[in-house]
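Commentary on secondary and tertiary structure
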Amino acid sequence: KKDHPTLHETPQPLSSSLSGHDLLENFTRSQQSVRLIRRDKFMQALIDDFLLEIKIERGSSKHTSDAYQRDLGILYKWLAKRGLDDLDEITPSLLRTFLMEEKARGLAATTISRRKAAITMFFRYLVAEGQIPETPADQLDVPKAMQSIPNTLSTLQVEALLQSPDTSQPLG
């Protein structure tokens, strides 16, 4: 007899003919199966809960929630590729490495900033929900999005603009 169920085992159905000890053993095996299955998808379930929260409770636009879903999905895959599926394993250094790798891929500073915002909000949500004691995302430093300086008119362009109204007409 196996001590622990595998991911593919179905828990035994409870039967009234089982003793109390057998019922407890079946319940325990059932719980272990659920834990084994859920551990792999736990982070994804938390992301889904967070996305639902920002859509319904915070009224985020579809564009924002779609972008956050993509951003957190990319983080989830990045973590999974490294065998990291436990929230306790996620550190500020690890998140910083993720964002720096995204920057190295040539992504725009605005995209990196949005990813940081999604990550920060997600981990704050996890703290609020009691999933983690503190967020590893609050101290992330990423390059700020460059703001473009508006184009200015030359002196000749300003003079031409001032000369353009027809002063003989009331509306110019």
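Look above for the structure.
For clarity, every value in this text was computed on a predicted model and none was experimentally measured. (Residues numbered from 1 in each chain as written. Predicted model: local features only at pLDDT ≥ 70, side-chain atom pairs only at ≥ 80, totals over all residues. Heavy atoms only, no water.)

1. Looking at the environment of Ser 65
Heads up, the rule is: Segments assigned H or I by DSSP are reported as helices when at least four residues long, segments assigned E as strands when at least two residues long, and all are numbered from the N terminus. Relative accessible area decides the class of each residue, using a 1.4 Å probe on protein chains only: under 20% of the type maximum gives buried, over 50% gives exposed, and in between gives partly exposed. Residue contacts are counted whenever heavy atoms from the two residues lie within 4.5 Å of one another.
Relative to the elements of secondary structure, Ser 65 occurs in helix 2 (residues 62-81). A residue is classified by how much of its surface remains accessible, and Ser 65, at 1% relative accessible area, is buried. Once residues lying within four places of it in the same chain are set aside, the contact partners of Ser 65 are Leu 51, Ile 54 and Lys 55.

2. Focus: the packing of aromatic side chains
Here the distance between the centres and the angle between the planes together describe a pair of aromatic rings. Going by this rule: Only centres within 6.5 Å qualify two rings of Phe, Tyr or Trp (six-membered ring in Trp) as a pair; their planes then separate them into stacked at under 30 degrees, edge-to-face at over 60, and tilted for everything else.
All chains considered together, the criterion is met by four aromatic pairs. For the pair Trp 78 and Phe 98, a centre-to-centre distance of 5.4 Å together with 65° between the ring planes defines the contact as edge-to-face. Of the two residues, Trp 78 sits in helix 2 while Phe 98 sits in helix 3 (residues 92-104), which places them 20 residues apart along the sequence. When the ring of Phe 122 is compared with that of Phe 123, the centres are 5.3 Å apart and the planes differ by 70°; the resulting orientation is edge-to-face. Phe 122 gets classed as buried once you look at its relative accessible area, which sits at 1%. What makes Phe 123 buried here is its relative accessible area of 0%. Aromatic ring contacts, followed pair by pair, group Phe 50, Phe 122, Phe 123 and Tyr 125 into a single cluster.

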